[in-house]
Amino acid sequence: METRERKRLLLHILLAVLPFWLLDLTLRTATGGAAWYPLYAAAPNLFSLGFSALFTALALLPPRRWGRLLYGLVYAVWAVYAVVQYAVWRILDRVLFLSDFLFAGEGLDFAGYARQIIDGRFAAVALLLLLWGVLGVRSLPAGTERRQALPLLAAFLLAQGIAPRLYAPVPETLDWDAWESSGYEYERFSSPVYDLALTGPYQFVLHDAWLSVAPDPDGAEKRARVDAFFAERPAHQENEMTGLLAGKNLILVQLESIDDFVLNEQNTPTLARLQREGICFSEFYTPQYSNGYTFNTEFAAQTGLYPYANGNVAYSLSRSAFPDAAGSLFGDAGYTANSFHKSEAKFYNRGAMHQAFGYEQYHSALHYASGELEAGVDRFLVDCDELYARMIDTEPFLDFLITYSGHLGYDEIDALTTYALEQYPEYADDSRPYEINGLFAKARLTDDMFARLLERLAEDGLLENTVLCVYDDHYAYGLTDRAVLEEYSAAAGGRLLERTPCFIWYEGCTPRTVDKTMQTVDLLPTLANLFGLPAPRTLGRDAFDPSYAGCAIFPDGTWLTDDAYVQNGKVVWNDGMTEEEVAAMNAYARRFQEVNDAILDTDYYRET
């Protein structure tokens, strides 16, 4: 073959390779991939060029006519895939894993809305994808020999070997923010929009498929252990509270750092009134298993399970099934379910995790506010007409609100603290540490949200049919001076610091205090009982179930009941338990944690 012909053949091959790569760039650009991982990063582009070479090589093997047909079919499949993913992203602000396509029938619910996204932007993306395909089919060279496909196949294999090594190394210590390591995320593949940006569409599908079928050699043994645990545990007993709130709307609110000593008549008058008038769980504990304290409690309250103790649950379990999580449980009963918070969907992977919990969509205040400060003021969630409209659009509804105003820090350099003290200068008390002043003032901002929420619900005639369930995410660990924290906290002393507020309020509620020891995972089954929903198969128990004595189990094996407190294997106090009962509870605490992790390890609910 003459040099000129070789160059011409090489040019045609390159032009045939190019469209698949351009499809990738178009999809990653259209879905905002650069916000997650740079478009120019080597790894995703190398992956996509490798697959582009593979698809072109396959088209070079048969005669040109059939090769063009094969090329066109392969490209068409990927182009349709790209259009579908882009449409899903426009509707839900996420893309789909392969397992999500199993529920494609549910997408028919969005058919009416899908028509609204077909605008100039959508048409431009679709047109670009079509043009790249036409370019590829027309560029496929004629008269090639099969051996000329070998370098393209080699390029694919080379890309598969090199690209994974271009990601950042996995941190030795896996903290809550380990997801920021691209290598860590590639190993776990937990956030679909991030993963698409990280790998490009072709490797995204291949790696997702591999992770979906990769076997767990200990899976059967772990599942058997979980089965035995549930079989031996007493079945849920209906009680006088079963179905009390059936059919009512539910607004589930997770407070940020509103500790037990923060919630009172002076700092949070609205919350204090609701707690006083409602069902107050006075011995409610929020054990911190993972390093991301807020999401730790969020996960536990939503699923009735604790996350892993290494803090990675938000980015390792978004692919798991949680059919008994709050959004799914209420959704199966006909509720619309949405979640709301200040932060973007990628923070703690909430966009993916909340969908795993059964919520239809996660709504970030940052998408509606003028800036960080406005979005950080909790009242904005209710004052913003667009956000509030999504909360109450269809009854019955389940809304999950995560407040932000109380978030650390509480010093002079924190803009939200400065704003809070400007709004409520009476909290600027020179006799107290500045951080306490900041904490109290920021808590008042959260209280303002509740006052406004009650006002709007009443105006819309929804208050009498709506239940508020309010709990705190963690104790006020954001105070930098531990001595100050222990001075102010009534629950100071080791793990007991993790006693936090939890109550349920609705109009006409008979005030009641439940002093049984409870933990975060008990919240979901308690709500299920009150709303007359099936008892979820979780590690938690219904607080009103007479067969449940109550307990709180912490990640280091520490446990607390109404009768004893055992920390690190040592009895701190005992008010009536025998040595045999203490030993049995020690064994139960260990088994509780083993079963909890076995459920997470095996994606237990998907199997069952």
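The sections below set out a description of the structure shown in this document. (Residues numbered from 1 in each chain as written. Predicted model: local features only at pLDDT ≥ 70, side-chain atom pairs only at ≥ 80, totals over all residues. Heavy atoms only, no water.)

**As for the pairing of strand β4 (residues 336-341)**
Counted residue by residue, β4 has 6 buried out of 6 residues, so it is predominantly covered. The side-chain alternation of β4 yields two buried faces, one formed by Thr336, Asn338 and Phe340 and the other by Ala337, Ser339 and His341. Bridge count between β4 and strand β6 (residues 397-402): 5 bridges; the pairing is parallel. In the sheet register, Phe340 faces β6, and the bridge partner there is Leu401. As paired elements, β4 and strand β5 (residues 361-364) share 4 bridges and run parallel to each other. Within β5, the residue paired with His341 across the bridge is Ser364. Each parallel crossover has a hand, and the one from β4 via helix α15 (residues 350-356) to β5 is right-handed. (Buried < 20%, exposed > 50% of the residue type's maximum accessible area, 1.4 Å probe, protein only. Helix = DSSP H or I, 4+ residues; strand = E, 2+ residues; numbered from the N terminus. Pairing = 2+ DSSP bridges. Right-handed = clockwise from strand over helix to strand, strands pointing away.)

**Notes on the environment of Leu166**
Among the structural elements, Leu166 can be located in the loop between α6 (150-162) and α7 (182-188). Taking the relative accessible area as the measure of exposure, Leu166 reaches 42% and is therefore partly exposed. Considering only alpha carbons, one finds Leu166 and Pro44, 122 residues apart in sequence, at a separation of 9.5 Å. With residues up to four places along the chain from it excluded, the contact list for Leu166 reads Ala42, Ala43 and Leu46. (Contact = heavy atoms within 4.5 Å.)

**Quick notes on the sheet that holds strand β13 (residues 564-567)**
The antiparallel open sheet is built from 4 strands, whose spatial order is β11-β12-β13-β14. The outermost strands of the open sheet, each flanked by one partner alone, are β11 (552-553) and β14 (570-574). Summarising the sheet, β13 and β14 pair through 4 bridges and their orientation is antiparallel. Across the sheet, residue Tyr565 finds its bridge partner in β14, namely Trp573.

**Quick word on the pairing of strand β7 (residues 466-472)**
Among the 7 residues of β7, 7 are classified as buried, and the element is accordingly described as predominantly covered. In this structure, β7 lies alongside strand β8 (residues 502-505), joined through 4 bridges in antiparallel fashion. Counterpart to Val470 in the pairing with β8 is Phe503.

**Topic: the pattern of salt bridges**
Counting across every chain of the model gives 20 salt bridges. Here Arg591 ties to Glu232 by a salt bridge, and the two come within 2.8 Å at their closest N and O atoms. Highlighted residues: Arg591 in helix α23 (residues 579-602) and Glu232 in helix α10 (residues 219-232), separated in sequence by 359 residues. Among the ionic pairs, Glu277 bridges to Arg273, the shortest N-O distance being 3.1 Å. (Salt bridge = Lys/Arg side-chain N within 4 Å of Asp/Glu carboxyl O.)

**Concerning the environment of Gln519**
Mapped onto the secondary structure, Gln519 falls in strand β10 (residues 518-519). Separated by 31 residues in the primary sequence, Gln519 and Gly550 have C-alpha atoms spaced 8.2 Å apart. Once residues lying within four places of it in the same chain are set aside, the contact partners of Gln519 are Phe284, Tyr285, Pro287, Tyr306, Tyr548, Cys551, Ala552, Ile553 and Phe592.

**Here's the deal with the packing of aromatic side chains**
Under the defined criterion, the tally for this structure stands at 45 aromatic pairs. Ring geometry for Tyr604 against Tyr605: centres 5.7 Å apart, planes inclined by 75°, an arrangement best described as edge-to-face. Take Tyr604: its relative accessible area is 1%, and that puts it in the buried class. Here the guanidinium or amino end of Lys342 rests over the ring plane of Tyr404, the centre of that ring lying 4.3 Å away. The positively charged end of Lys346 is found above the aromatic ring belonging to Trp36, 5.7 Å away from the centroid. (Phe/Tyr/Trp six-rings, centres within 6.5 Å; stacked < 30°, edge-to-face > 60°. Lys NZ or Arg CZ within 6 Å of the ring centre and 35° of its normal.)

**Focus on the sheet that holds β4**
Reading across the sheet, the 8 strands line up as β5-β4-β6-β1-β7-β8-β2-β9 and stay open at both edges, with mixed pairing between neighbours. Because the sheet does not close on itself, it has two edges, and the strands there are β5 and β9 (512-514). For this sheet, the mean inter-axis angle between neighbouring strands, taken without regard to orientation, is 15°. Examined bridge by bridge, strand β1 (residues 249-255) and β7 share 7 bridges and lie parallel to one another. Bridging from a neighbouring strand, Ile251 pairs with Leu468 of β7. Where helix α11 (residues 269-277) meets the sheet, its contacts fall on β1, β2 (279-281), β7 and β8, and the angle it forms with β8 comes to roughly 75°. (Axes fitted to C-alpha atoms, helices over the stretch in contact; angles between N-to-C directions.)

**Some remarks on the packing of helix α2 (residues 42-60) against helix α9 (residues 201-213)**
Where α2 contacts α9, the two axes come as close as 8 Å, and the packing angle between them is 90°. Taken as axis vectors, α2 and α9 run roughly perpendicular relative to one another. In this structure, α2 contributes Phe47, Ser48, Phe51 and Phe55 to the contact, and α9 contributes Pro201, Tyr202, Gln203 and Leu206. Here the contact of α2 with α9 is composed, by residue class, of 6 nonpolar, 2 polar and no charged. (Parallel < 35°, antiparallel > 145°, perpendicular 65-115°, else oblique. Nonpolar A, V, L, I, M, F, W, Y, C, P; charged D, E, K, R; others polar.)

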